[in-house]
Amino acid sequence: ENSPSLKNQIYSNTYFNVRRSHRVTLRGMGGVGKTTVAAMVVHQNEIRSSFDHICWVNLGKQFSRSNTNLSYHLYSECLQNICRQIGNDKSEFRAEPSLLYFNPGDSPQQKYEKEMQAMERSKTRMSSLLHGYRVLIVLDDVWVNGDCEWFDFNYTLDSKTNLVICVTTRTDDFFRFIGSVTFNLNVLSEKEAIQLFFI
């Protein structure tokens, strides 16, 4: 149930805090307002003043019913999007086929492994770009929770407290870890919806 205390927690910097959380998940069925809540969170002055950069990545629009995998090309587009939002040159994250080092006769497994290697290189580069900044990344409409790991840019950094990821999703994350919190959002009543916009 969406109690007033729960909504106030979401809208405060209690969990959107680099010293407190690593990942905040807003989970619920389609249409309950997950994206709206996330958008209103990032517009709170208290939240905005806590981060050097706030980036928004819509993962859902990248997929179709027949393709729910985050490929090298789609990942590169997401990283270019982040670069635009932080004011960095996006050209180095272009998905160049030459960077995959495919050879004639490569098996599907070999091509997959080379794509993963290229994505890891891109992830490492983005980690370097974000190093030293306090960053909030909103991953909107996540279909596969494992895709969130590609945006965990803390993994190569000395500091483990500079990045918070906010995830909106319909699916449950069965591999929660220390520093993560999940809010299960239900359909708001008319009264709750009105209160939400005045928090």
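In this text the structure is predicted, and so the values were computed from the model without any measurement. (Residues numbered from 1 in each chain as written. Predicted model: local features only at pLDDT ≥ 70, side-chain atom pairs only at ≥ 80, totals over all residues. Heavy atoms only, no water.)

**Quick look at helix α5 (residues 108-130)**
Each turn of an α-helix holds 3.6 residues, which means side chains three or four residues apart point in the same direction. Applicable threshold: The helix and strand labels rest on DSSP assignments: H or I over at least four residues marks a helix, E over at least two residues marks a strand, and numbering proceeds from the N terminus. Residue count minus one, scaled by 1.5 Å, sets the expected span of a helix. For the exposure calls, accessible area comes from a 1.4 Å probe over protein chains only, and a residue counts as buried if that area is under 20% of its type's maximum, exposed if over 50%, partly exposed in between. Residue contacts are counted whenever heavy atoms from the two residues lie within 4.5 Å of one another.
Across its 23 residues, α5 extends 33 Å between first and last C-alpha, which sits within 8% of the 33 Å expected from 1.5 Å per residue. For α5, the full list of buried residues reads Lys114, Met116, Ala118, Met119, Ser122, Lys123, Met126, Ser127, Leu129 and Leu130. Those residues of α5 hidden inside the fold are in contact with α4 (72-86) and β3 (135-142). Immediately downstream of α5, the backbone of Gly132 shows phi near 90°, a positive value.

**Digging into α4**
Between the first and last C-alpha of α4 there are 21 Å, a value that for 15 residues agrees with the 21 Å anticipated at 1.5 Å per step. Those residues of α4 not exposed but buried are Tyr72, Leu74, Tyr75, Ser76, Cys78, Leu79, Gln80, Ile82, Cys83 and Ile86. On its buried side, α4 packs onto β2 (53-58), α5 and β3.

**Observations regarding the nonpolar core**
To be explicit about the condition: Residues belong to one nonpolar core when they are buried, are Ala, Val, Leu, Ile, Met, Phe, Trp, Tyr or Cys, and are joined through side-chain atoms within 4.5 Å.
In this structure, Ile82, Met126, Ile137, Leu139, Phe151 and Phe153 are the most contacted members of the largest nonpolar core, which totals 31 residues. Elements supplying a minimum of two residues to this core: β2, α4, α5, β3 and β4 (163-169). No other element matches the eight residues that α4 contributes to this core. Aside from chain neighbours lying at most four places away, what touches Phe153 is Tyr75, Leu79, Ile82, Lys123, Met126, Ser127, Leu130, Ile137 and Leu163. Within the second largest apolar cluster, 19 residues are counted, among which are Val24, Val41, Val42 and Phe51.

**A word on the packing of aromatic side chains**
We count it as follows: Here a Phe, Tyr or Trp ring, Trp counted by its six-membered ring, pairs with any other such ring whose centre lies within 6.5 Å, and the pair is stacked when the planes are under 30 degrees apart, edge-to-face when over 60, and tilted otherwise. Two limits define a charge over a ring: the Lys NZ or Arg CZ must be within 6 Å of the ring centre, and within 35 degrees of the ring normal.
Within this structure, the stated rule accounts for three aromatic pairs. The interplanar angle of 75° and the centroid separation of 5.6 Å between the aromatic rings of Tyr75 and Phe151 together place this pair among those described as edge-to-face. Of this pair, Tyr75 sits in helix α4 while Phe151 sits in the loop between β3 and β4, and the two are 76 residues apart along the sequence. No difference in accessibility class separates Tyr75 from Phe151, as the two residues are buried. For the pair Phe151 and Phe153, a centre-to-centre distance of 6.2 Å together with 80° between the ring planes defines the contact as edge-to-face. Per residue, the accessibility class of Phe151 equals that of Phe153, and both read buried. Stacked on the ring of Phe102, the Lys or Arg Lys111 has its end atom at 5.8 Å from the ring centre.

**A word on the side chain of Asp106**
Threshold: Side-chain atoms alone can form a polar contact between residues adjacent in sequence; in general such a contact is a pair of N or O atoms within 3.5 Å, and within protein one must be able to donate a hydrogen while the other accepts it.
On the secondary structure map, Asp106 appears in the loop between α4 and α5. Exposure remark for Asp106: the relative accessible area of 13% places this residue in the buried category. Here Asn103 takes part through its backbone nitrogen, which lies 2.7 Å from a polar atom of the side chain of Asp106. In this structure the side chain of Asp106 is engaged in a polar contact, spanning 2.9 Å, whose partner is the side chain of Lys114. When sequence neighbours within four positions are dropped, the list of residues in contact with Asp106 reads Tyr101, Lys111 and Lys114.

**What to know about the pattern of salt bridges**
Short version of the rule: Any Lys or Arg side-chain nitrogen located within 4 Å of an Asp or Glu carboxyl oxygen qualifies as a salt bridge.
Using the criterion set out here, one finds four salt bridges in the structure. Note that Arg23 and Glu149 form a salt bridge whose closest N and O atoms lie 2.6 Å from each other. Here the residue Arg23 occupies a position in strand β1 (residues 23-27), and Glu149 occupies one in the loop between β3 and β4, the gap between them amounting to 126 residues. Linking Glu92 and Arg125 is a salt bridge whose minimum nitrogen-to-oxygen distance equals 2.6 Å. Residue Glu92 is found in the loop between α4 and α5, and its partner Arg125 is found in helix α5; the two are separated by 33 residues along the sequence.

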